[in-house]
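Structure assessment
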Amino acid sequence: MNQGYFTDEEKVIVKSLAKKLIFKLKENISTEDVNGVHSIVEQGILESKYKRDQYGINPTVRNLNTALLVAENIAPDRSMIIATLLYQLVRHDAVTTKRVAELFGDDVAKIIDGLLNVSQLYQKQAALKNENFQKLLLTFADDIRVIIIMICDRLGLMREINHHPNELFVHDIASESRYLYAPLAHRLGLYTIKSELEDLSLKYLNRKVYSQIAAKLHETKEVRDAYVSDFISPIKKALEESGLKFSIKGRTKSINSIWNKMRNKDVDLNGMYDLFAIRIIIDTEREKEKKECWIAYSIVTDIYTANPSRHKDWITIPKSNGYESLHITVKGPADKWVEVQIRTKRMDEVAERGLAAHWRYKGIKSEGDLDSWMNNVREVLEAGSIGQNELVRSMNMNLYEKEVFVFTPKGDLFQLPKGATILDFAFSIHTRVGCTCTGGRVDGKNQKLNYKLKSGDTVEITTSSTQTPRQDWLNFVVTSKARNKIRQAINEARVRQADMARELVQRRFKNRKLELNEGNMSKLAKKLGYKTLTDFFVDINEQRLDVNNVLDKYEKMFILVESPEEVHSTAEDFVLKQIAPDTQQADGDILVIGNNVKGINYKLSKCCNPIMGDRITGFIASDGAIKIHKMDCGNMRHLVEKYPYRMIKTAWSGKIGAQFAATLKVVGKDDIGIVSNITSVINKTPDTTLRSVSISSQRGTFEGFLVVGIPSIATLDDLIKKIMALKGVKNVERVNY
C-alpha cells in the first residue's frame with residue numbers, strides 16, 4: 001500500500017481498526033472478501049482515486065471507523081461493512097457497481113447504489129434544515145442500511161474533528177449532525193449514537209457551555225455510579241421485602257440533555273431536579289399493574305422526600321401517544337434531586353417502541369405506516385442477532401411512496417403528492433407563478449406543464465406575462481391548491497368578460513332608446529339555452545353571440561309582443577306592470593280642514609303619501625289648494641320654517657272607504673313563487689289593491705317596490721306583518737317615493 005498516503009499515526013490507527021473489524025466479522029466474512037476489499041482499496045490509493053478530502057480527512061481511516069461502528073452498534077453485517085469500505089471508490093470511478101456485484105454480490109452493490117443516490121442530494125445544496133429533507137433522504141436511500149451507515153459515518157467524523165483547524169467546517173458538520181443525523185438516529189432507535197451526536201454537537205457549537213457543564217459534573221463515572229448505587233440500595237432492599245418482581249437501573253443525563261433542561265426551565269445546574277434518573281420496571285400481570293406501581297411509589301416516597309410539584313401520574317391518565325409511567329422527583333443523598341420513573345415491563349416496552357409517535361409529537365408528522373415500520377426496525381436493532389440481518393435487508397423504505405420531493409435552483413425543498421406536475425409545483429411556490437407558468441426546466445431540460453415530477457428533480461419555472469389559466473389545466477393538476485386557484489382565476493376572468501359584455505349591451509340599448517331589464521335578459525338567456533347570465537354575456541364578449549341579434553330578440557320578446565298572461569316563478573323573471581289605480585271614491589270628505597271648512601280643494605302630497613291614521617298638517621299653496629303632508633315629512637319642516645302663516649290645521653274625519661297610495665320596499669331571497677306569494681297576501685287583504693310593482697334581482701336576492709292602495713295606517717301595518725311572515729322575505733318597510 002502507498003506508504004506516503006498515511007501518516008505514522010494513521011498507520012497505527014488503520015492496523016488497529018482493521019484488526020478489530022476482522023475480529024468482529026470473523027464469522028460473517030471470508031478471507032477472500034478481506035483480500036478482495038484490500039486489493040481494491042490499495043489500487044484506488046495508488047491511482048489517487050482514494051485520496052484525502054479538501055479538509056484533510058483520510059477516507060480509509062474514516063471508512064474503517066464507520067465500518068467498526070456499524071459492527072459494534074448494529075450488527076456484523078458483511079454487506080454493510082464491504083459497502084462502507086468501497087462506496088467512495090465507486091463514487092470516484094475506481095471500481096464499478098457491476099464489478100462490485102460480481103465480486104461481492106448484488107446486495108453490496110445495492111447498498112452502494114443507495115449511498116450514491118443520497119450523495120446526489122448534497123450536490124443540490126439543499127436547505128438541510130427543511131424537515132422534508134429527512135423524508136427525501138429516506139426515499140433516496142431505498143434501504144435502511146444506507147441510513148444506518150450514514151449515521152455511523154457521521155458519528156465517526158464527529159469524533160475525528162475535535163481539534164480540526166477549520167472552525168467553519170467543524171461548525172457546519174456539528175450543525176448538520178444536530179438537526180439531521182441525531183434526529184434520524186433517534187427515529188431509528190439508535191439512542192446511544194443519538195446522545196453522543198448531540199453531546200459532540202454542543203461541544204463544537206458552544207464549547208464554553210459544554211465545558212462549564214462538564215466541569216460542574218466533575219464527578220467521574222465511578223463517582224456517579226457510586227452515587228446511583230447508594231441511592232438505589234435502600235429502594236432495592238424495600239422492594240425485595242415487599243415481594244415485588246422488578247428490575248432497577250440508574251443513569252446520569254447527557255450534557256446536551258442537561259443543557260436543554262437548563263434553557264427550557266431557565267435554571268442553573270444546581271436548580272435542576274433530574275440530573276440523575278432511576279427507572280423501576282415491575283414484572284407483573286396486566287390486572288395488577290396500577291396497584292403494584294403505586295406500591296413501589298409508596299416505598300420510594302417513604303425512603304426519600306418527594307417534591308409534590310414534580311409529581312406526574314401518566315398511569316391513571318396516559319399520554320395521548322399511549323405513554324404510561326409514574327414520575328416522581330425525590331431528594332437523595334447529599335440533597336441531590338433525582339427523578340424516579342416507575343412503570344411495568346409492558347409499559348416500558350410501549351414507551352420504548354412508541355418513540356416514533358413521541359417524535360411526531362415533537363413536531364414532525366409521520367405518514368402512512370411509519371410507526372409500525374419503525375417498531376419493526378427497532379425490534380431488529382434491539383435483537384442484534386446475526387440471524388436477523390436478513391430482516392434488515394428486506395426492510396421496505398418506501399415510507400413516502402405517495403409523495404415526491406423536488407428542489408428549486410436555490411436548494412429549497414418542496415413536498416408534493418405523487419403524480420404532481422410542473423404546474424402543481426408552480427402553484428405551490430406562489431399563485432401568481434402558477435397562473436403565468438408556461439413550463440419549466442427539470443435538471444436543465446425543458447419540460448411541458450404536465451410533466452410529472454420525480455423525487456430529487458431540480459425545477460426552474462418559466463413564466464410569461466401573457467399566460468393565463470386555462471380550463472384544460474384542470475385535466476392534469478393533482479394538488480387541491482392548483483385546482484382551486486385555476487378555477488378561481490378562470491371564474492374571475494369570466495366575470496370580467498361578462499361585465500365588459502354587459503356594458504356593451506347597455507350602450508346598445510341606450511342607442512335604441514331602450515331600457516335594459518336584467519330579469520327579461522335572464523329569461524332571454526335561458527330561452528337561448530344558457531344556464532347563467534354570466535355564460536350568456538361571456539359568449540357575447542367572445543363574439544359567439546352577435547349583440548345586435550340579441551337586441552332584436554329582446555325587442556321581439558318583451559317590447560313588441562309582450563303577453564300579459566305570462567306566469568312568473570321568480571323575482572328575476574318578473575316584468576314591471578302598471579296596475580290601474582282604484583277610482584272609487586268615498587262619500588263625503590275624509591279630512592277635517594281648519595274649523596271644518598267646506599268646499600276647499602286639497603291634494604295628498606306625493607312626497608310623503610299620507611295615509612289615514614298618519615299625523616298630518618295642511619299647507620295652503622299659491623293656487624289656493626291645500627297640500628296634505630305627514631307631520632314628519634322633510635319638505636313640511638322646510639315649509640313651516642319659511643311659511644308658517646300658510647299652515648292650516650288638518651285632521652282625518654274618520655270616514656272609511658277611500659284608498660291611499662303607499663310604497664313598500666321588500667327585500668328577500670329570490671325563491672320560486674315568492675312574488676306570487678306577496679301579491680296573493682296583498683289581494684287577500686280587505687280594501688287593499690296592488691297598483692304597481694318594480695322588481696330587481698341580483699345574485700339570488702331581490703329588491704322590490706310595491707305601490708298599494710290602502711285604507712288606513714292600521715291596515716298597512718297589518719299588511720307589512722303578513723308580508724314579513726312569508727318564507728324568504730328578509731325586510732319590509734314603508735318608503736316615501
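As a further point, take the overall build of the chain. Along the chain, the regular secondary structure elements total 27 helices and 22 strands. Counting the 737 residues in the chain, one finds 47% classified as buried. Considering only residue pairs separated by 6 or more positions, the chain has 68% of its internal contacts joining residues 24 or more positions apart. For the chain, the exposed surface amounts to about 38600 Å²; the carbon and sulfur share of it is 49%.

What follows covers the environment of L103. Here L103 is to be found in helix α5 (residues 97-104). Relative accessible area serves as the criterion here: at 37%, L103 is assigned to the partly exposed category. Distance in space between the C-alpha atoms of L103 and D33 is 8.3 Å, their sequence separation being 70 residues.

On to the pattern of salt bridges, then. Tallied over the full model, the rule gives 20 salt bridges. Measuring nitrogen to oxygen at the nearest pair gives 2.1 Å for the salt bridge that ties D535 to R494. In this pair, D535 is assigned in helix α23 (residues 533-541) and R494 in helix α21 (residues 480-511), connecting sequence segments 41 residues apart. On the accessibility criterion, D535 (25% relative accessible area) is partly exposed. With its nearest N and O atoms 3.4 Å apart, the salt bridge here joins K722 to D718. Linking K722 with D718, this pair stays in helix α27 (residues 713-724), spanning 4 residues, or about one helical turn. Among the charged side chains, a network of salt bridges with common partners joins R286, E289, E324 and R346.

Mean pLDDT over the chain: 78, with 78% of residues reaching 70 or higher. When the elements of the chain are averaged for pLDDT, helix α16 (residues 355-361) gives the smallest value, 32, and helix α14 (residues 289-303) the largest, 94. Confidence drops under a pLDDT of 50 for residues 353-400, and excluding neighbours within four residues, the segment shows 93 contacts in the predicted structure. Overall, residues 560-588 carries pLDDT values under 50, and its contacts beyond four positions in sequence, including any with other chains, amount to 54 contacts.

Judged by nonpolar contacts, the single largest core of 65 residues is most densely connected at L21, L86, I151 and I161. Here the element with the most residues in this core is helix α8 (residues 144-160); it accounts for 11 residues. The residues contacting L21, other than those within four sequence positions of it, are L64, A67, L68, A71, I81 and L85. Listed in part, the 32 residues of the second largest apolar core include M612, V681, I710 and L719.

The next thing to look at is helix α1 (residues 8-24). Turn by turn, an α-helix covers 3.6 residues, leaving residues three or four places apart pointing in a common direction. Here α1 contains 17 residues, and its C-alpha end-to-end distance of 25 Å stays within 8% of the 24 Å for a straight helix at 1.5 Å per residue. Taken together, the buried positions of α1 are E10, V14, L17 and L21. When α1 is viewed along its axis, its buried side chains cluster within an angular range of 75° and face the same direction. Seen from the buried face of α1, the exposed residues on the opposite side, beyond 90 degrees, are D8, V12, K15, K19 and F23. Tucked into the core, α1 has its buried residues touching α3 (59-73) and α4 (78-91).

Here we take up the packing of aromatic side chains. With the rule as written, the count across this model stands at 6 aromatic pairs. With a centroid separation of 4.5 Å and 5° between ring planes, the pair formed by F231 and Y304 is classed as stacked. Taken together, the residues F231 in helix α12 (residues 221-242) and Y304 in the loop between α14 and β3 (305-306) connect sequence positions 73 residues apart. Just as F231 is buried, Y304 falls in that class too. Their ring planes at 85° and their centres at 5.4 Å tell us that F414 and F425 sit as a pair that is edge-to-face. In this pair, F414 is assigned in strand β8 (residues 413-417) and F425 in helix α19 (residues 422-429), connecting sequence segments 11 residues apart. Residue classification places F414 among the partly exposed positions, given a relative accessible area of 23%. Three or more aromatic residues link up through ring pairs in this structure, and these residues are Y530, F536 and F537. Directly above the ring of Y227 sits K336, whose terminal nitrogen or CZ lies 5.2 Å from the centroid.

Examined against the element boundaries, E292 turns out to sit in helix α14. Among buried charged residues, E292 stands out as having no salt bridge; its nearest opposite-charge side chain is K288, 5.1 Å away. Look past the residues within four positions of E292 in its chain and what remains in contact with it is L244, I282 and T284.

Moving on, we get to the packing of α21 against α23. Packed helix pairs are specified by the crossing angle of their axes together with the interaxial distance, meaning the distance between the axes. Orientation of α21 relative to α23, taken along the N-to-C sense of each, is 75°, at an axis distance of 7 Å. Overall, the two elements α21 and α23 adopt an arrangement that is roughly perpendicular. Contacts from R494, Q497, A498, M500, A501, R502, L504 and V505 in α21 reach T534, D535, F537, V538, I540 and N541 in α23. Of the residues belonging to the contact of α21 with α23, the class tally is 8 nonpolar, 3 polar and 3 charged.

As summarised here, the arrangement of the 4 strands in space is β14-β16-β15-β17, forming an open sheet in which the pairing is mixed. Looking along the sheet, the strands with just one partner apiece sit at the ends: β14 (602-604) and β17 (647-648). Two strands pair when backbone bridges link them, and strand β15 (residues 616-620) and strand β16 (residues 626-630) are joined in this way by 5 bridges, in the antiparallel orientation. Its bridge partner being in β16, F619 is matched across the sheet by K627.

Calculation criteria
- One numbering rule holds for all chains: residues counted from 1, following each sequence as written.
- Given that the model is predicted, a residue must reach a pLDDT of at least 70 before its local features are reported, and side-chain atom pairs must reach 80 or more before they are shown or counted; all residues, however, enter totals for whole chains, interfaces and linings.
- Hydrogens and water molecules were not included; the side-chain quantities draw on all heavy atoms of the structure.
- Put simply, DSSP marks the helices as runs of H or I at least four residues long and the strands as runs of E at least two long, and each gets a number from the N terminus on.
- The buried label goes to any residue with under 20% of its type's maximum accessible area, the exposed label to any with over 50%, and the partly exposed label to all in between, with areas taken from a 1.4 Å probe on protein chains only.
- Here a residue-residue contact requires only that any non-hydrogen atoms of the pair lie within 4.5 Å.
- Where accessible areas are quoted, they stem from the Shrake-Rupley method and a 1.4 Å probe; at the residue level, only the protein chains shown are allowed to cover.
- Salt-bridge detection follows one rule: a side-chain nitrogen of Lys or Arg within 4 Å of a carboxyl oxygen of Asp or Glu.
- Scored between 0 and 100, pLDDT is the confidence that the predictor attaches to each residue.
- Nonpolar cores are built from buried Ala, Val, Leu, Ile, Met, Phe, Trp, Tyr and Cys residues. Side-chain atoms within 4.5 Å join them into one set.
- Multiply 1.5 Å by the residue count of a helix minus one, and that product is the helix's expected span.
- Note that the arc is defined by the directions from the helix axis to the C-beta atoms.
- Only rings of Phe, Tyr and Trp enter the pairing, Trp through its six-membered ring, and a pair is recorded when the two centres are within 6.5 Å. The plane angle decides the type: under 30 degrees is stacked, over 60 is edge-to-face, the rest tilted.
- To sit over a ring, a charge needs its Lys NZ or Arg CZ within 6 Å of the ring centre and within 35 degrees of the ring normal.
- In this count, Lys and Arg are taken as positive residues and Asp and Glu as negative ones, while His and the chain termini are left out.
- Interaxial angles span 0 to 180 degrees and are taken between N-to-C directions of axes, which are lines fitted to C-alpha atoms, for helices over the stretch in contact.
- Any angle that is under 35 degrees is reported as roughly parallel, and any over 145 degrees as roughly antiparallel; angles of 65 to 115 degrees are reported as roughly perpendicular and all others as oblique.
- The classification used treats Ala, Val, Leu, Ile, Met, Phe, Trp, Tyr, Cys and Pro as nonpolar, Asp, Glu, Lys and Arg as charged, and all other residues, Gly among them, as polar.
- Any two strands with at least two DSSP-identified bridges between them are counted as paired.

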